Amino acid sequence: MKRGLLKLIALIIAASLTAAGCTPKETSGSGSRIAIAEQYGLAYAPLQIVKELKLLEKNLPGTVVEWKQLGNTAAIREAMLAGEVDAGFMAIPPFLIGWDKGMPWKIACGLSKSPVGLVTNREEIRSLRDFGDKDRIAVPQPGSVQHILLSMACEKELGDPHKLDNQLVTLAHPEGMSALLSGRDITAHFTAPPYLMKELAEPGMHEVLNGRQAMGGDFTFIAGVTTAAFHDKDPRAYKAFVRSIQEAIDYINNNREKAAAILAEAYKMPEAELLSYLLMEDAAYTTVVEGIEPFAQFMERNGYISKVPGELNEIVWEDVHDENP
Amino acid sequence: MSEKLRVSGINKYYYKNGERFKVLDSISFTAGSGEVLCLLGPSGCGKSTLLRLICGLDEPEDGLVRLDGKAVSCPSPAAVMIFQEFGQLFPWRTVLDNVIYPMRVNGIGRSEAERKQTAETWLVRVGLEGFFHVFPHTLSGGMKQKAALARALALEPSLLLMDEPFGSLDALTREGLQRLLLQIREETGSTILFVTHDIQEALTLGDRILVMGKEPGRILKVLENSVKKTGKRSNQEKSALYDVIHNLLGTV
Amino acid sequence: MMRIHKSIWFVLFLSLWELLARSGRFSPLVFPPLAAVFKALFHALASGELLQETGFSILLILEGLLVGAVLALLLGMASSLSPLLRSFTEALAALAHPLPGIALLPVIILWLGTGRASILFIIIHSVLWPMLLNVMTGFRAVPKVLAETGRNFGVRGARLFLEVYVPASLPYLLAGLRIAWARAWRALISAEMIFGAVGGKGGLGWYIFKQRVFMDTAGMFSALIVIILIGILVEEVIFERVEAATIRKWGMTDQ
Ligand SMILES: Nc1ncnc2c1ncn2[C@@H]1O[C@H](COP(=O)(O)OP(=O)(O)O)[C@@H](O)[C@H]1O
Ligand SMILES: [Mg+2]
């Protein structure tokens, strides 16, 4: 009996050590497979073009491309940590949180700038000052770009970045929109396209704050991030990945109507509506990365991350264009 | 001897497999104040059913039960029942609290202290001194029935209904409790309706013995218990009465 | 003896953990060393944040347990009064009992929104049905002789239920409460992880989610430790003591 037990324990330990031996999954990008994670929204539009025009397959013949649409940045980060995903798309603040915690990853390219805004259903609210104790503001997650932007605005306008923290409600974009429109639970929603336009199109809704006001300038909304493993082990695949994104962005910028047709299909939106979005002043697709510095400064100052990057190459791979060197 | 209990013209039916059958057939009898009346009959003849009717736990289809001249319609502690089951004490109350609780419910005693004292007196009387603060499950069967007796007596009921209370006890313990019951009856003058299927027990306890027959449950005969009245005088007389009852029951 | 056995496994498990964490094969973001976990636990407790979130969760579950148990008792009483009510309650319980609270989430959000009320609703749902089934079984299992003794003593109505039926069916009620607690506690943590914070506080589930978002793996594990500890405290200490002080003391355990 005792002997049996010991054997069993030995077996378990041996098994776990063997399991530990084969490091998390076979890292891909070795020419055969590349896994990319994205979220839902118009800010990810170039990725739809990469898919539709099969740009990755063209730039990296013989590769199987695996697309994953995940619900939030934390899931993307965990998948990348587990080695299941090579490249993920996300906003700068969640990227910085991961970097700060030691995630082996860097930014490979920008993807989009996007209008974001705080929409309220209360007529009398004209600025952050007008929010009372009873008001509830929905953001997708703590630490999300929406949350950080709101905190930045609070710091600027109210002198305290955490002023509204106790009034935040966490809701994914679709639930946030329905809660705001039904006038229940929340009185304001910090969101992005297409939800932003849909909400503003409803009667009684108006924008209190937009992203540019909060940040005090332009910034990259979504950026492409790849793991060190992917970047280091297969430079050819990495280069092909960045090139494909660049080509997709060029395609959108040079063929708006055609792009709108492809995207309307992918997003199940009327073509005209999509085109008008592509033409919006605040919406832009570019691989240039903007706004890392102010985000990092603010987040470090307020304890969301413990340090700011000393050198730019700590957080971006070699060939990335940055506007604030 | 004034009349304590009058049972008149009782018919009671039950349903078995959807069919109505008569359990009790025109039962009538009386019990005098201070009397011990034994209900003797074979198992299943309706003794418990009759006791439940007298207690008000159930209602007859026909007939009436009068206790102290008043018709019985719902259970009340005027007629307190002691069951055969040892589980009749509330397991979550101590022995003492089992006695106090029904007194409290019925507002007997002017204060909690007075109730406690009465309860203790009765527990001592039945021989349970030293067991006030234990829980019932630690008591033997005989002690549990003693506690149930003390609990009933503390309520000063007009009528004590006992449904084969000693039926599950060993012979020695049963005799002890029979003696105790008779002594207490002497002291208090309680009126007792005592159910048994044991002829010997009926002869020991009953002033009168009501012999019941089966299917439907009915009264076969009411006998004066000359043996008890005259004390343990003659074994012959005793066995003669025993034979009479035995024959009565045997003819059923 | 049982306890010694359990703790041996426990120590073995922790050692294995530390071994794996130190083997260097896993990133500390996946497998934080124990020291990091306990440090995170200490900091979270010292800052008061973890305690506040724990308090929030405990208060919610106590409220839910109380409301659920009282409702179950009331429904149980009602259904033992009339066969019609009984069949109604039984049908209702049969429908609702198998539904995990979390599965009701989308509907609850539609009806009640995403506030505290919704979580409370889920807890009550988790508590009510197993409690009700046990209340009904327990009431039915009350020995006839006890019920009739009570009635004989003139105990009636609500008093008969509270002073005879409830204590007499306590083994069933406590068993029901154990199931209810386990279900409610799991439902609560899951719901908190989904609902997020309202007014800055969101309970232990929310705390875990927040640590996840900020990628504090050690912090996540520290909250898991609190959840485990509370589970052990309630199931092995509180329920044990309550049972020892009631049904076991009264000799009602082998009914
Ligand atoms: N609640 C009931 N429903 C149907 N039949 C019953 C019920 N209680 C007792 N009986 C039947 O009535 C008859 C008399 O029972 P009972 O009064 O307990 O007899 P005794 O106490 O003399 O043994 C038996 O045949 C028994 O099966
Ligand atoms: Mg009987």
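Residues numbered from 1 in each chain as written. Chains lettered and ligands numbered in written order. Predicted model: local features only at pLDDT ≥ 70, side-chain atom pairs only at ≥ 80, totals over all residues. Heavy atoms only, no water.

Draft legend 1. Quick peek at the overall build of chain A. For chain A, the count of helices and strands is 14 helices and 11 strands. Partitioning the contacts of chain A with sequence separation of at least 6, the portion at a separation of at least 24 is 77%. (Helix = DSSP H or I, 4+ residues; strand = E, 2+ residues; numbered from the N terminus. Contact = heavy atoms within 4.5 Å.)

Draft legend 2. How the structure looks around the site of ligand 1. Residues and elements named next belong to chain B. Near ligand 1 you find Tyr14, Tyr15, Lys16, Val23, Ser43, Gly44, Cys45, Gly46, Lys47, Ser48 and Thr49, and these make up its full shell. At a separation of 3.3 Å, an oxygen atom of ligand 1 approaches a polar backbone atom of Cys45. A distance of 3.0 Å separates an oxygen atom of ligand 1 from a polar backbone atom of Gly46. Going through the elements one at a time, β1 (3-16) and α1 (47-55) are the ones with two or more residues in the shell around ligand 1. The residue makeup of the shell around ligand 1, split by class, is four nonpolar, five polar and two charged. (Near = heavy atom within 4 Å. Polar contact = N/O pair within 3.5 Å; in protein donor to acceptor, adjacent residues only side chain to side chain. Nonpolar A, V, L, I, M, F, W, Y, C, P; charged D, E, K, R; others polar.)

Draft legend 3. View of the domain arrangement of chain A. Residues and elements named next belong to chain A. The domain boundaries assigned to chain A delineate domain 1 (8-114 + 220-323) and domain 2 (117-215). In this structure, domain 1 and domain 2 have C-alpha centres spaced 26 Å apart. Carbon and sulfur atoms make up 70% of the area that domain 1 and domain 2 hide from each other, which totals about 1,700 Å². It is Phe295, Phe298 and Tyr304 in domain 1 that bury the most area against domain 2; as a group they hold 31% of the surface buried on that side. Seen at the junction of domain 1 and domain 2, the total is two salt bridges. A salt bridge links Arg212 to Asp282; the shortest N-O distance between them is 2.9 Å. Taken together, the connections running from domain 1 to domain 2 amount to two residue pairs in polar contact (both at pLDDT 80 or more). Ranked by residues supplied to the side of domain 1 that touches domain 2, first place goes to helix α14 (residues 292-301) with five residues. (Domains from an automatic or database assignment. Buried area = accessible area lost by both parts, 1.4 Å probe. Salt bridge = Lys/Arg side-chain N within 4 Å of Asp/Glu carboxyl O.)

Draft legend 4. Spotlight on the interface of chain B and chain C. If you look at the interface, chain B gives 28 residues, while chain C gives 21 residues. In total, about 2,100 Å² of surface goes out of reach between chain B and chain C, with carbon and sulfur atoms giving 63% of it. Counting across the chain B and chain C interface gives one salt bridge. When residues of the side of chain B that touches chain C are traced back to their parent elements, those giving at least two are α1, β6 (79-82) and α2 (95-105) of chain B.

Draft legend 5. A look at the sheet that holds strand β10 (residues 218-224) of chain B. Residue and element names in this part refer to chain B. Reading across from one edge, β6-β7-β8-β3-β9-β10 is the order of the six strands in this open sheet, with mixed pairing throughout. Either end of the sheet is taken by a strand with one partner, and the two such strands are β6 and β10. Put simply, the sheet's adjacent strands are angled 20° from each other on average, direction ignored. (Pairing = 2+ DSSP bridges. Axes fitted to C-alpha atoms, helices over the stretch in contact; angles between N-to-C directions.)

Draft legend 6. Structural detail: unusual backbone geometry. Going from Pro193 of chain A to Pro194 of chain A, the amide bond is cis rather than trans, its omega being 0°. Here Pro194 of chain A lies in the loop between β8 (188-191) and α8 (195-201). That bond from Glu215 of chain B to Pro216 of chain B is cis: its omega, -5°, falls within 30 degrees of zero. You can see Pro216 of chain B is positioned in the loop between β9 (208-213) and β10. Backbone geometry places Asn17 of chain B, a non-glycine residue, at a positive phi of 50°. Tracing the backbone through its elements, the reader meets Asn17 of chain B in the loop between β1 and β2 (19-32). In this model, Asp68 of chain B sits at a positive phi of 55°, which is unusual for a non-glycine residue. Within the secondary structure, Asp68 of chain B sits in the loop between β4 (62-67) and β5 (70-71). Looking at Asp68 of chain B, the relative accessible area reads 41%, which means it is partly exposed. (Buried < 20%, exposed > 50% of the residue type's maximum accessible area, 1.4 Å probe, protein only.)

Draft legend 7. Quick peek at helix α3 (residues 112-125) of chain B. Residue and element names in this part refer to chain B. In a regular helix each residue adds 1.5 Å, so 14 residues correspond to 20 Å; α3 covers 20 Å between its end C-alpha atoms and thus fits that length. Among the residues of α3, those classed as buried are Arg115, Ala119, Trp122 and Leu123. The buried side chains of α3 occupy one side of the element, clustering within an arc of 100° when seen end-on. The exposed residues of α3 that point more than 90 degrees off its buried face are Ala113, Gln117 and Thr121. On the buried face of α3, the contacting elements are α2, α4 (141-154) and α5 (171-188). Of the residues trailing α3, Gly127 is marked for its positive phi of about 95°. (Expected span 1.5 Å × (residues − 1). Arc of directions from axis to C-beta.)

Draft legend 8. Structural context of the pattern of salt bridges. Taken as a whole and assessed by the stated rule, the structure comprises 40 salt bridges over all chains. Here Arg52 of chain B ties to Asp58 of chain B by a salt bridge, and the two come within 3.7 Å at their closest N and O atoms. Here Asp207 of chain B ties to Arg185 of chain B by a salt bridge, and the two come within 3.2 Å at their closest N and O atoms. Linking Asp207 of chain B in the loop between α6 (199-205) and β9 with Arg185 of chain B in helix α5, this pair joins segments that are 22 residues apart in sequence. Grouping residues by exposure puts Asp207 of chain B and Arg185 of chain B together as buried. Here the salt bridges share partners, and the residues they tie into one network are Lys113, Arg212, Asp218, Asp282 and Glu290 of chain A.

Draft legend 9. Expanded view of the arrangement of the chains. Summarising the chain contacts, two pairs of chains touch, and the pair with the most contacts is chains A and C. Where chain A comes nearest to chain B, the C-alpha atoms are still 40 Å apart, and the two do not contact one another.

Draft legend 10. Inspection of the packing of aromatic side chains at higher detail. As enumerated under the stated definition, the model contains 19 aromatic pairs over all chains in all. Ring geometry for Tyr304 of chain A versus Phe214 of chain C: centroids 6.0 Å apart, planes at 20°, classification stacked. Highlighted residues: Tyr304 of chain A in the segment after α14 and Phe214 of chain C in the loop between α10 (203-213) and α11 (217-245), drawn from two different chains. Both residues of the pair, Tyr304 of chain A and Phe214 of chain C, belong to the buried class. Ring geometry for Trp181 of chain C versus Trp185 of chain C: centroids 5.1 Å apart, planes at 15°, classification stacked. With Trp181 of chain C and Trp185 of chain C both in helix α9 (residues 170-195) and four residues apart, this pair spans about one turn of that helix. The exposure class assigned to Trp185 of chain C is buried, which follows from its relative accessible area of 4%. (Phe/Tyr/Trp six-rings, centres within 6.5 Å; stacked < 30°, edge-to-face > 60°.)

Draft legend 11. Up close: the packing of α10 of chain C against α11 of chain C. Residues and elements named next belong to chain C. In contact at an axis separation of 8 Å, α10 and α11 are set at 160° when each is read in the N-to-C sense. For the element pair α10 / α11, the angle class is roughly antiparallel. At the point where α10 passes α11, the crossing takes the left-handed sense. When α10 is examined against α11, the residues Leu204, Tyr207, Ile208, Gln211 and Arg212 are found in contact with a partner set consisting of Gly219, Met220, Ala223, Leu224, Val226, Ile227 and Ile230. Taken together, the residues of the contact of α10 with α11 sort by class into nine nonpolar, two polar and one charged. (Parallel < 35°, antiparallel > 145°, perpendicular 65-115°, else oblique. Left-handed = near helix turned anticlockwise from the far one by under 90°.)

Draft legend 12. Seen up close, the confidence of the model for chain B. All names here are of chain B. On average, residues of chain B score 87 in pLDDT, and 96% of them are at 70 or above. When mean pLDDT is compared element by element in chain B, α2 scores highest at 94, while helix α7 (residues 226-229) scores lowest at 69. Across the interfaces of the predicted complex, the ipTM metric reaches 0.90, alongside a pTM of 0.81. (pLDDT = per-residue confidence, 0-100.)

Draft legend 13. Representation of the nonpolar core. Ranked by size, the top nonpolar core spans 118 residues in total, and within it Leu149, Leu160, Met162 and Ile245 of chain B together with Trp181 and Trp185 of chain C carry the most contacts. Every residue in contact with Leu160 of chain B, bar those within four places of it in the chain, is listed here: Val80, Ile82, Leu149, Ala152, Leu153, Thr191, Ile192 and Leu193 of chain B. In terms of nonpolar packing, the next biggest core, distinct from the first, is built from 104 residues, Leu60, Leu118, Leu168 and Ala259 of chain A among them. (Core = buried A, V, L, I, M, F, W, Y, C linked by side-chain atoms within 4.5 Å.)

Draft legend 14. Seen up close, the packing of helix α4 (residues 83-96) of chain C against helix α6 (residues 116-140) of chain C. Residue and element names in this part refer to chain C. Close contact between α4 and α6 brings their axes to 10 Å; oriented N to C, the two are set at 140°. Here α4 is positioned oblique relative to α6, judged by the angle of their axes. Considering how the two elements wind past one another, α4 and α6 form a crossing that is left-handed. Between α4 and α6, the residues in contact are Arg86, Thr89, Glu90, Leu92, Ala93 and Ala96 and His125, Trp129, Leu132, Leu133, Met136 and Arg140, respectively. The residue makeup of the contact of α4 with α6, split by class, is seven nonpolar, two polar and three charged.

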